[in-house]
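Examining the three-dimensional arrangement
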Amino acid sequence: MKIKNVCAVTLVAAALGAGLAAPALAAVTVTVGTPPPAVLVEPVPAVRHGHVWVPGYWRWNGNKHVWVKGHHVAARHGYRYVPDQWAEVNGRWVYHPGHWAR
């Protein structure tokens, strides 16, 4: 794991311990040389009133990609959920965490 990623993980842990809001965590960037595997196809459960389905994604655990299953989250009026995603930038893979957008 790169020093930059170790520092980011430490900052996230500190933020969680301090009880900071999730938007403060959006600045964390994970960049790796290994592309994520193909997205796994998960059955989407029935719609739950007042909730939004967040699809599963590949998370980097420091050594390899690990699948995180999809799940429901409480909807936010006036917002849409942008799913977690990986993007290739100059031959490296950059993780963009899921977030709420207006």
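Just so we're clear, the structure is a prediction, and the values are computed from it rather than from any experiment. Residue indices begin from 1 for each chain and proceed along its sequence in written order. Thresholds applied to this predicted model are a pLDDT of at least 70 for local features of residues and 80 or more for the giving and counting of side-chain atom pairs; totals over whole chains, interfaces and linings are not thresholded and use all residues. Values reported for side chains reflect all heavy atoms of the structure, with hydrogen atoms and water molecules removed beforehand.

Observations concerning the overall build of the protein chain
Under the convention used in this document: Runs of E in the DSSP output that reach at least two residues are strands. Runs of H or I that reach at least four are helices, and both are numbered from the N terminus. We call a residue buried when its accessible area falls under 20% of the maximum for its residue type, exposed when it is over 50%, and partly exposed in between, using a 1.4 Å probe and counting protein chains only. Throughout, a contact is declared for two residues whenever any of their heavy atoms are within 4.5 Å. Here the Shrake-Rupley method, with its probe set to 1.4 Å, supplies the accessible areas, and only the displayed protein chains count as covering residues.
Each helix and strand in the protein chain was counted, giving one helix and nine strands. Going from N to C terminus, the protein chain has its helices and strands arranged as α-β-β-β-β-β-β-β-β-β. Buried residues in the protein chain amount to 24% of all 102 residues. Restricting the contact set of the protein chain to residue pairs at least 6 apart, pairs at least 24 apart contribute 45%. As displayed, the protein chain has an accessible area near 7100 Å², and 63% of this comes from carbon and sulfur atoms.

Quick notes on the packing of aromatic side chains
When we look at a pair of aromatic rings, we describe it by the centre distance and by the angle of the planes. Cut-off, in case you're wondering: Here a pair means two rings of Phe, Tyr or Trp (six-membered ring of Trp) with centres within 6.5 Å. Their orientation is stacked below 30 degrees between planes, edge-to-face above 60, and tilted elsewhere. Put simply, a charge is over a ring when the Lys NZ or the Arg CZ is close to the ring centre, within 6 Å, and near the line of the ring normal, within 35 degrees.
In the structure shown here, the tally under the stated rule is four aromatic pairs. Centroid distance W58 to W67: 5.2 Å. Interplanar angle 70°. Geometry classified as edge-to-face. For W67, a relative accessible area of 18% translates into the label buried. Their ring planes at 80° and their centres at 5.2 Å tell us that Y81 and W100 sit as a pair that is edge-to-face. Taken together, the residues Y81 in strand 6 (residues 80-82) and W100 in strand 9 (residues 99-101) connect sequence positions 19 residues apart. Ring-pair connections join several aromatic residues into one group, and the members of that group are Y57, W86 and Y95. Across from the ring centre of Y79, 4.2 Å away, lies the NZ or CZ of R76, which sits over that ring.

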